[in-house]
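# Remarks on the overall topology
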Amino acid sequence: MKIAISTGGGDCPGLNAVIRGVVRSAIFRYGWEVIGIRDGLDGLVHGWEPIPLGLGQVKGILSRGGTIIGTTNKGNPFRYEVEENGTRVVHDLSARVLNNFRETGAEALIMVGGDGTLGIGRQLMDLGIPCVFVPKTIDCDVAATDSTFGYHTAVGIVTEALDRLHTTAESHRRAMVVEVMGRYAGWIALESGIAGSADVILLPEIPYDLDAVFNKLEGRKKLGRNFSVVVVAEGALPKEGSRTVAVAAETDGRAERLGGVGQVVAQQIEEGLGIETRTVVLGHVQRGGTPSHTDRILGSRFGVEAVELIRRGEFGRMVSLKGQQIVSVPVAEAIDNLRLVDPDGQLVATAEALGICCGR
Ligand code: F6P
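Given the structure is predicted, the values throughout are model-derived calculations rather than measurements.

Our next topic: the overall build of the protein chain. Within the protein chain one finds 10 helices and 15 strands. The globule rule puts the C-alpha radius of gyration for 360 residues at 21 Å, and the 22 Å found for the protein chain is close to it. Principal-axis analysis of the C-alpha atoms places the extent of the protein chain at approximately 70 × 50 × 35 Å. Expressed as a percentage of the 360 residues in the protein chain, the buried residues total 54%. Sequence separation of at least 24 residues holds for 71% of the intrachain contacts in the protein chain that already meet a minimum separation of 6.

What follows is the structure, given as structure tokens:
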């Protein structure tokens, strides 16, 4: 038996652990052959030679960030954008993908990705490609799983950055506004903000009231604390206002790119309170580099379970973490259904009990 694996969407620490988990368990348990589709589904769109994945190819990759088979977040074969005579046009290249998949000789495809990739995978199933799914994202916003690999690493990176920013903020008596990733979910901001002792955390799930933020910062000043650390999720938005979008959504289905709200909040603080303020945008640093031990383990467990789903013929299902157990759920449960922070949940309540202002 031959199986294929593809990694789609933004890269994420722990992807290589999934690939290694798939390859080693497929070989050790069942003697199957594994191939990697290059750059998301682009390898199938263009008919590129797949990457043979044996024990040698996955040696030493557990500790490496990124994905050894490549990825893309703009390769939707059902709405593939190409340039023709200087104009950008969108084509449905799914028939080509089906044909090229059959050419590889693989009998099943493991799709590793976030919301967008999972949706594309479901369409591939309708075309006749038997797929199983592995949720991936640093944002931790995929529904129907308690967590995704990559998230733990990202929170660790942001927490370390907050520790570092505290000392420089304190020395200069400044406010430091730190913009973090997470798209429409505030998990990275909330957990790193609590772990990194932020004074203010602004989340997409709680549109912020500027007066509440000002009160918090003024209150600190009165207590003689002349510096503050403000964590802002890239999807945060004011109570009356809209999200800050860096690049609008594209016709090929590419999602809008968020970014810039950190600078907006910094300016509001500087103008409103006269506090010298700096903005730090952590950006893709949050996604790069060595995965944490938690993400290596979760990625490995997901990879091993994906192989089991194929062995049992449970196509259309996604591996998932529920409590401490790896289980599987219909992939439909995860599509178009984000896992967001509950504004009235325990984690926000904990932050507020610690004196952190969550923008209300
Ligand atoms: O979904 C992961 C993520 O890193 C988001 O947190 C962020 O908004 C987005 O991807 C950035 O995408 P890109 O790599 O295209 O800049």
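This part takes up the site of the ligand. Surveying the vicinity of the ligand reveals the residues N73, I138, D139, M181, G182, R183, E234, R257, H284 and R287. At 2.7 Å, a side-chain N or O of D139 approaches an oxygen atom of the ligand. R183 has a polar side-chain atom sitting 3.2 Å from an oxygen atom of the ligand. Contact with the protein chains hides 83% of the accessible area of the ligand, taken as 400 Å² for the molecule alone. Considering only residue class, the shell around the ligand consists of 2 nonpolar, 3 polar and 5 charged. Two domains each put at least three residues into the shell around the ligand: domain 1 (2-149 + 291-323) and domain 2 (154-288 + 342-354).

With respect to topology, 4 strands assemble into an open sheet ordered β9-β10-β8-β13, the strand pairing being parallel. What marks the edges here is a single partner per strand, and that holds for β9 (200-202) and β13 (277-281). Across the sheet, the axes of successive neighbouring strands diverge by a mean angle of 15°, strand direction being ignored. Relative to β9, helix α6 (residues 187-195) is tilted by about 170°, and along the sheet it contacts β8 (175-180), β9 and β10 (228-233). Each of β8, β9, β10 and β13 is contacted by helix α8 (residues 261-273), which is oriented at about 160° to β8, the strand it contacts most.

In this section: the nonpolar core. One recurring pattern in soluble globular proteins: nonpolar side chains tend to sit buried together. If you look at the biggest cluster of nonpolar residues, it comprises 64 residues, and the most contacted ones within it are I3, I5, I110, V134 and F149. If one sorts the elements of this core by residue count, helix α5 (residues 151-172) sits on top with 8 residues. Formed jointly, this core draws a minimum of three residues from each of two domains, domain 1 (2-149 + 291-323) and domain 2 (154-288 + 342-354). Once residues lying within four places of it in the same chain are set aside, the contact partners of V134 are V18, I110, M111, V112, G113, L118, F149, F302, A306 and V319. Of all hydrophobic cores here, the second largest spans 28 residues; its members include L41, V45, Y80 and I335.

With that settled, consider the pairing of β8. Judged by how many residues are buried, β8 sits mostly within the fold: 6 of 6 residues are covered. Pairing of β8 with β10, which is carried by 6 bridges, proceeds in the parallel orientation. Bridging from a neighbouring strand, E179 pairs with V232 of β10. Strand direction decides the pairing type here: β8 and β13, joined by 5 bridges, are parallel. By the bridge assignment for β13, V177 is matched with T279.

Let's shift gears to the environment of D141. Secondary-structure assignment places D141 in the loop between β7 (131-135) and α5. For the pair formed by D141 and A185, sequence separation is 44 residues and the distance between their alpha carbons is 6.1 Å. Among residues more than four places away in sequence, those in contact with D141 are A185, N337, L338 and R339.

Positive phi, close to 70°, is recorded for A144, a residue that is not glycine. Here A144 lies in the loop between β7 and α5. Look at A144 and you get buried, because its relative accessible area is 17%.

A separate point is the packing of aromatic side chains. By convention here, two paired aromatic rings are described through the distance between centres and the angle between planes. With the rule as written, the count across this model stands at 2 aromatic pairs. Judged by centre distance (6.2 Å) and plane angle (70°), the ring pair of F149 and F302 falls under edge-to-face. Here F149 is found in the loop between β7 and α5, whereas its partner F302 is found in helix α9 (residues 293-311), with 153 residues between them in sequence. Note on F149: relative accessible area 0%, which makes it buried. Sitting above the plane of the F227 ring, R220 keeps its charged end 5.0 Å from the centroid. Over the ring of W187 we find R339, and its NZ or CZ is 4.2 Å from the ring centre.

Packed helix pairs are characterised by how far apart their axes lie and by the angle those axes make with each other. For the pair helix α7 (residues 210-222) and α8, interaxial distance at closest approach is 11 Å and the crossing angle is 60°. Between α7 and α8, the angle falls in the class oblique. Like other packed secondary-structure pairs, α7 and α8 cross with a definite hand, here right-handed. Residues L210, F214, L217, E218 and K221 of α7 touch α8, and the partners they reach there are Q268, I269, G272 and L273. Considering only residue class, the contact of α7 with α8 consists of 5 nonpolar, 2 polar and 2 charged.

Rules used in this analysis
Residues numbered from 1 in each chain as written. Predicted model: local features only at pLDDT ≥ 70, side-chain atom pairs only at ≥ 80, totals over all residues. Heavy atoms only, no water. Helix = DSSP H or I, 4+ residues; strand = E, 2+ residues; numbered from the N terminus. Rg over C-alpha atoms; globule rule 2.2 N^0.38 Å. Buried < 20%, exposed > 50% of the residue type's maximum accessible area, 1.4 Å probe, protein only. Contact = heavy atoms within 4.5 Å. Near = heavy atom within 4 Å. Polar contact = N/O pair within 3.5 Å; in protein donor to acceptor, adjacent residues only side chain to side chain. Areas by Shrake-Rupley, 256 points an atom, 1.4 Å probe, with all protein chains shown as cover. Nonpolar A, V, L, I, M, F, W, Y, C, P; charged D, E, K, R; others polar. Domains from an automatic or database assignment. Pairing = 2+ DSSP bridges. Axes fitted to C-alpha atoms, helices over the stretch in contact; angles between N-to-C directions. Core = buried A, V, L, I, M, F, W, Y, C linked by side-chain atoms within 4.5 Å. Phe/Tyr/Trp six-rings, centres within 6.5 Å; stacked < 30°, edge-to-face > 60°. Lys NZ or Arg CZ within 6 Å of the ring centre and 35° of its normal. Parallel < 35°, antiparallel > 145°, perpendicular 65-115°, else oblique. Left-handed = near helix turned anticlockwise from the far one by under 90°.

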